[in-house]
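Letter by letter, the chains look like this.
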Amino acid sequence: MEQQHLQAAAENNEIIVTYSWIMQVLLAFDQLGNALAGGHHDSTISARIGFHLYDKDGDRGMFWSFLEFVVNLVFSPVDGPHHCRMAYCSDRDEEFRSAGFLAKIFLLIFVLPLSPVILLITSIIGLFKGVGTSYHLTDGTQIPKKDVFDFIQYCVNETDPCSYLQKLR
């Protein structure tokens, strides 16, 4: 599918994103980890990382860059290479909270040991069609993940990537 067609579909809210059961469980687990680390209960660790790196009010420190590297790697089989940025764009109207020293320690303790397990899960999910996240147009046409990932890469280079990426979550 051509990027221009996907861009027009995103602008017109014609992309439907569907999460499998396992992806919904991972999302809930992610929100729980964020809440336990002092973040907002309706936001994920991934979106919190994206906020700190891509929002004008964020704290662009090495801590957040390191976490982004780890989390993006873990979720790349199902979301491509820009998972945290996509999560932030889809939740940028949510409340984001800073993280003090103890919250950052908790985030590291939560993220690092679980990353190999979640990477195994997302890698297995990535092998099976329809088990992870699927993308469709409103007319029912399925959008291949490769096309979605290429579109995401294209959007990241735009002036306001969130204007498109928020419609893919």
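Preceding block: the structure.
Our subject in this report is the structure included herewith.

Definitions and cut-offs
- Residues numbered from 1 in each chain as written.
- Predicted model: local features only at pLDDT ≥ 70, side-chain atom pairs only at ≥ 80, totals over all residues.
- Heavy atoms only, no water.
- Helix = DSSP H or I, 4+ residues; strand = E, 2+ residues; numbered from the N terminus.
- Rg over C-alpha atoms; globule rule 2.2 N^0.38 Å.
- Buried < 20%, exposed > 50% of the residue type's maximum accessible area, 1.4 Å probe, protein only.
- Contact = heavy atoms within 4.5 Å.
- Lys, Arg positive; Asp, Glu negative; His and termini not counted.
- Charge placed at Lys NZ, Arg CZ, Asp CG, Glu CD.
- Polar contact = N/O pair within 3.5 Å; in protein donor to acceptor, adjacent residues only side chain to side chain.
- Phe/Tyr/Trp six-rings, centres within 6.5 Å; stacked < 30°, edge-to-face > 60°.
- Lys NZ or Arg CZ within 6 Å of the ring centre and 35° of its normal.

1. Here we look at the overall build of the protein
(1) Moving on: Within the protein, the regular secondary structure consists of eight helices and three strands.
(2) Moving on: The order of helices and strands in the protein, counted from the N terminus, is α-β-α-α-α-α-α-β-β-α-α.
(3) Moving on: Against the globule reference of 15 Å for 169 residues, the protein gives a C-alpha radius of gyration of 16 Å, in line with a compact fold.
(4) Moving on: When the backbone C-alpha atoms are referred to their principal axes, the protein occupies close to 45 × 35 × 25 Å.
(5) Moving on: Every one of the 169 residues in the protein was classed for burial, and the buried ones make up 46%.
(6) Moving on: Counted over contacts in the protein with a minimum sequence separation of 6, partners at least 24 positions apart contribute 72%.
(7) Moving on: On the protein, the mean spot of the 12 positive side-chain charges and the mean spot of the 19 negative ones are 5 Å from each other.

2. Focus on the side chain of T44
(1) Moving on: Within the fold, T44 resides in the loop between helix 2 (21-36) and helix 3 (45-54).
(2) Moving on: Looking at T44, its side chain comes within polar contact range of the main-chain nitrogen of A47, at 2.9 Å.
(3) Moving on: Apart from the residues lying within four places of it in its own chain, the contact partners of T44 are L27, D30, Q31, N34, A87 and D91.

3. Digging into helix 5 (residues 83-91)
(1) Moving on: Counting buried positions over the nine residues of helix 5 gives eight, a clear majority of the element.
(2) Moving on: For helix 5, the complete set of buried residues consists of H83, C84, R85, M86, A87, Y88, C89 and D91.

4. Points about the packing of aromatic side chains
(1) Moving on: With the rule as written, the count across this model stands at seven aromatic pairs.
(2) Moving on: Between F106 and F110, the ring centres sit 5.8 Å apart and the planes meet at 25°, which makes this aromatic pair stacked. One end of the pair, F106, and the other, F110, are both in helix 6 (residues 101-127), four residues apart, so they sit about a helical turn from each other.
(3) Moving on: F106 sits in the partly exposed class, given a relative accessible area of 27%.
(4) Moving on: When the ring of F151 is compared with that of Y154, the centres are 6.3 Å apart and the planes differ by 25°; the resulting orientation is stacked. Highlighted residues: F151 and Y154, both in helix 7 (residues 145-156), separated by three residues, approximately one helical turn.
(5) Moving on: A relative accessible area of 1% places F151 in the buried class.
(6) Moving on: Classification of Y154 as partly exposed rests on a relative accessible area of 29%.
(7) Moving on: Through successive ring pairs, a cluster of aromatic residues spans F29, F106 and F110.
(8) Moving on: The aromatic ring of Y54 is capped on one face by R85, whose charged end is 4.1 Å from the ring centroid.

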